[in-house]
Amino acid sequence: MIRSIARELGKDIRIEFQGSEIEIDRRILEEIKDPLIHLIRNAIDHGIEHSEERIQNNKPSFGTIKLIASESSGNHVLLSVADDGKGMDATKLKQVAIQRGILSSKDASEMNDEEAINLAFRSGISTSSTVTDLS
């Protein structure tokens, strides 16, 4: 899926897996499959830049997506998706939340960057100027 989408968007993307030896019940994998695919598609579509932009920013020409599974306490497994793309713009996330009536200007001014980044997980918040079927 990643190779196909990357080729479609003209991006050079590598994927790294860590913790592939960890076993996860098939039923649980089915439950998390769709959100996991959504995160990966967003990383490809919005996170990782095209090769030219990456080179201009002194990055490798290819982007990397990491899927990391690690054992947590007890019977818990932590799954993480990370990319080395441009990251999220905290200021822009605050602006979108204000425009959508989700946040007041006062509340936005009191938010730190981490709190603003968490706005991306709220329904109706996107900093992308274009809506695509992909992400």
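If you're wondering where the values come from, they're calculated on a predicted model, not measured in any experiment. (Residues numbered from 1 in each chain as written. Predicted model: local features only at pLDDT ≥ 70, side-chain atom pairs only at ≥ 80, totals over all residues. Heavy atoms only, no water.)

Running from N to C, helix H1 (residues 2-9) and helix H2 (residues 26-47) cross one another at 25°; their axes reach a closest spacing of 10 Å. Relative to H2, the element H1 is oriented roughly parallel. Here H1 and H2 pass one another in a crossing that is right-handed. For the pair formed by H1 and H2, the contact residues are Ile2, Ile5, Ala6 and Leu9 on the first element and Ile40, Arg41, Ile44 and Asp45 on the second. Each residue belonging to the contact of H1 with H2 can be placed in one class, and the counts come to six nonpolar, no polar and two charged. (Axes fitted to C-alpha atoms, helices over the stretch in contact; angles between N-to-C directions. Helix = DSSP H or I, 4+ residues; strand = E, 2+ residues; numbered from the N terminus. Parallel < 35°, antiparallel > 145°, perpendicular 65-115°, else oblique. Left-handed = near helix turned anticlockwise from the far one by under 90°. Contact = heavy atoms within 4.5 Å. Nonpolar A, V, L, I, M, F, W, Y, C, P; charged D, E, K, R; others polar.)

A separate point is the sheet that holds strand E3 (residues 77-83). With mixed pairing, three strands are arranged side by side in an open sheet as E1-E2-E3. A single partner strand is all that each edge strand has here, and the edge strands are strand E1 (13-18) and E3. For this sheet the average axis-to-axis angle between neighbouring strands, irrespective of direction, equals 10°. (Pairing = 2+ DSSP bridges.)

A few words now on the packing of aromatic side chains. Scanning the entire structure with this criterion turns up zero aromatic pairs. Geometry around Phe62 places Arg14 over its ring, the cationic atom sitting 4.0 Å from the centre. (Phe/Tyr/Trp six-rings, centres within 6.5 Å; stacked < 30°, edge-to-face > 60°. Lys NZ or Arg CZ within 6 Å of the ring centre and 35° of its normal.)

So yeah, pure geometry; function would need other evidence.
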